[in-house]
Amino acid sequence: MNRINSISCLLFGCLLISACDLKHADHEASSNISDGYSEHSIFNLPSTWFTQDSQSIRLEDLKGKVTVLVMIYTSCKAACPRLVADMRSIAEEIPEKDLPHVQFVLVSIDPESDTPSRLKRFAAVNQMDADHWIFLQGTEYTTRELANVLSVKYEEISPMDFSHSNIISVFNPHGELVYQQEGLGLDNVKTIDKIISTLKEM
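Here the structure is a predicted model, which is why all the values come from computation and not from measurement.

Participant: I'm lost on the nonpolar core in this one. Help?
Facilitator: Burial of nonpolar side chains together is a common tendency in soluble globular proteins. Met71, Phe104, Leu106 and Ile195 are the most contacted members of the largest nonpolar core, which totals 54 residues. Put simply, the parts of the chain that give this core at least two residues each are strand S3 (66-72), helix H2 (79-92), strand S4 (102-108), helix H3 (116-125), strand S5 (133-137), helix H4 (140-149), strand S8 (167-171) and helix H5 (189-200). Setting aside its immediate chain neighbours within four residues, Met71 contacts Leu83, Val107, Ile109, Thr143, Leu146, Ala147, Leu150, Val152, His164 and Ile167.

Participant: Sorry, what's going on with H4 here?
Facilitator: The α-helix winds at 3.6 residues per turn, so residues separated by three or four positions along the chain end up facing the same way. For H4, the tally of buried residues reaches 7 of 10 residues, placing the bulk of the element in the interior. Of all the positions in H4, only Tyr141, Thr142, Thr143, Glu145, Leu146, Ala147 and Val149 are classed as buried.

Participant: Explanation requested: the sheet that holds S4 in the structure shown.
Facilitator: As a general point, the strands of a sheet are linked pairwise by backbone hydrogen bonds and lie either parallel or antiparallel. Taken together, 7 strands build an open sheet; the order of strands is S2-S1-S5-S4-S3-S8-S9 and the sheet is mixed. In the strand order of this sheet, the two ends are held by strand S2 (56-58) and strand S9 (177-182), each with one partner. Looking at each pair of strands side by side, their axes are set apart by 30° on average, direction ignored. Here strand S1 (residues 48-51) runs beside S5; their pairing, made up of 2 bridges, is antiparallel. Paired with Thr51 across the bridge in S5 is Leu136. Against the sheet, H3 contacts S1, S3, S4 and S5, and its axis sits at roughly 150° relative to S5. Strand contacts of H5: S3, S4, S8 and S9, with the helix running at about 165° to S9, the strand carrying the most contacts.

Participant: Sorry, what's going on with the packing of aromatic side chains here?
Facilitator: One pair of aromatic rings is described through two measures. These are the centre distance and the angle between the planes. For the structure shown, the criterion picks out 5 aromatic pairs. Where Tyr37 meets Phe43, the ring centres are 5.4 Å apart and the plane angle is 70°; that geometry is what we call edge-to-face. A residue is classified by how much of its surface remains accessible, and Phe43, at 3% relative accessible area, is buried. When the centroid spacing of 5.0 Å and the interplanar angle of 40° are considered together, the rings of Phe104 and Trp133 count as tilted. Linking Phe104 in strand S4 with Trp133 in strand S5, this pair joins segments that are 29 residues apart in sequence. For Phe104, a relative accessible area of 0% gives the class buried. Three or more aromatic residues joined by ring pairs form one cluster here, namely Tyr73, Tyr154 and Phe162. The ring of Tyr154 is capped by Arg144, whose NZ or CZ atom sits 3.7 Å from the centre of that ring.

Participant: When you look at the environment of Pro173 in this model, what are you seeing that I'm missing?
Facilitator: Along the chain, Pro173 turns up in the loop between S8 and S9. Given a relative accessible area of 14%, Pro173 falls into the buried group. Note: C-alpha distance between Pro173 and Val66 (107 residues apart in sequence) is 5.0 Å. With residues up to four places along the chain from it excluded, the contact list for Pro173 reads Phe43, Lys63, Gly64, Lys65, Val66, Thr198 and Met202.

Participant: How should the pairing of S8 be read in this particular structure?
Facilitator: Along any regular strand the residues' side chains alternate between the sheet's two faces. The buried fraction of S8 amounts to 5 of the 5 residues, a majority that puts the element mostly inside the structure. Going residue by residue along S8, you find Ile167, Ser169 and Phe171 tucked away on one face and Ile168 and Val170 tucked away on the opposite face as well. Bridging between S3 and S8 involves 4 bridges; their strand directions are antiparallel. Residue Val68 lies in a different strand from S8, and its bridge partner there is Val170.

Reading guide: rules and limits
- Residues numbered from 1 in each chain as written.
- Predicted model: local features only at pLDDT ≥ 70, side-chain atom pairs only at ≥ 80, totals over all residues.
- Heavy atoms only, no water.
- Core = buried A, V, L, I, M, F, W, Y, C linked by side-chain atoms within 4.5 Å.
- Buried < 20%, exposed > 50% of the residue type's maximum accessible area, 1.4 Å probe, protein only.
- Helix = DSSP H or I, 4+ residues; strand = E, 2+ residues; numbered from the N terminus.
- Contact = heavy atoms within 4.5 Å.
- Pairing = 2+ DSSP bridges.
- Axes fitted to C-alpha atoms, helices over the stretch in contact; angles between N-to-C directions.
- Phe/Tyr/Trp six-rings, centres within 6.5 Å; stacked < 30°, edge-to-face > 60°.
- Lys NZ or Arg CZ within 6 Å of the ring centre and 35° of its normal.

Okay, structure coming up:
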């Protein structure tokens, strides 16, 4: 079973677990699989998030565009700056005519510290405040749920310090995972090619 199929199975499993866990304190919405999405779509996750502009959204609000997603935290001094640089590098290689159809999403793995206002400052400092950049803060539960779906592992090792996977994920406009880039200091060509080819299928 390849990595994407494994993640699809994990997503469906998470949805089933969510359906049985409606009493969880952080579970904010019912877990019905939307008729318009396949069982492999992250848009089926019922979680609610806050953007850097303090707007409340659900993952399905990202539908209709190619989504490039990474999980980071703003106080990180090691891997995250390189992941952020990779995201910027990828965005710079997308033709300007295609940028309105692509969104770059950075999800915090430290939702307690990474408030919307902090994410907004981080976006400005890193020159990531154009419309195609979206930063998300969830809850500890919803963040862990999404990380599990993406096979992203993270663990708090001290206050405001985490060890974590370094994975950039690409989703089609239906929220289905089509590619993952894992590691640091890699050539982004394959990721960029996958974004472009997915755009052509829209």
